[in-house]
Amino acid sequence: RDSWRGRWPEAGVWERLTSLPMRAYQIDIDHRAGHPGRDVEWLCRDLPSETRSSMLPGIDTGTECEVRVRSWQHEGGAQWELWEARGPLQDDASWKDWGGDSHCLWN
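What you see is a predicted model; the values in this text were computed from it and never measured. (Residues numbered from 1 in each chain as written. Predicted model: local features only at pLDDT ≥ 70, side-chain atom pairs only at ≥ 80, totals over all residues. Heavy atoms only, no water.)

A. Main features of the pairing of strand β4 (residues 79-85). Among the seven residues in β4, six count as buried, and that is most of the element. Taken together, the six bridges between strand β1 (residues 22-27) and β4 define a ladder with parallel strand orientation. Among the inter-strand pairings, Tyr25 is bridged to a residue of β4, identified as Trp83. In this structure, strand β3 (residues 64-73) lies alongside β4, joined through seven bridges in antiparallel fashion. When the bridges of β4 are listed, Val67 appears paired with Ala85. (Buried < 20%, exposed > 50% of the residue type's maximum accessible area, 1.4 Å probe, protein only. Helix = DSSP H or I, 4+ residues; strand = E, 2+ residues; numbered from the N terminus. Pairing = 2+ DSSP bridges.)

Listed below in C-alpha cells is the structure:
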C-alpha cells in the first residue's frame, strides 16, 4: 500500500465503488505524487488479473508509447484498469532536453 490508509470501505460504499468502471494512468517510473499501482493491486488483491501490452500513438507524429494494461473484473461489478506507460516517455520533443518525460502522462 502506498497511499491507501485506514480500514476497508464499508459494504455499501464498496458495492457502489466496484460498480463504477475505473482506469488509472501512470508513467511506470513516476513516484513523485504517489503511484496508484499498489493501491489498485491491494483493492483488487482477491481478483484474477489480466495483463496485455500495447503500443499507442505518441504526441509527436511517428512516435509511440509502450503501455502495459492490467485489468480486474469485480464480480457483478465493473472492470478496473491500470495503464502504465513505460518511461521516460520519448514521444514529445519538448521534453528531449530533460531526457524524456517521467511525470506528465497526456491522454
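The structure having been displayed, the exposition proceeds.
B. Structural detail: the nonpolar core. Counting residues in each nonpolar core, the largest one holds nine residues, listed as Trp14, Ala24, Val40, Trp42, Leu43, Cys44, Trp72, Trp80 and Leu82. Secondary structure elements with two or more residues in this core: α2 (36-43) and β4. No other element matches α2, which puts three residues into this core. Each residue touching Cys44, except ones within four places of it in the same chain, is listed here: Trp72, His74 and Trp80. (Core = buried A, V, L, I, M, F, W, Y, C linked by side-chain atoms within 4.5 Å. Contact = heavy atoms within 4.5 Å.)

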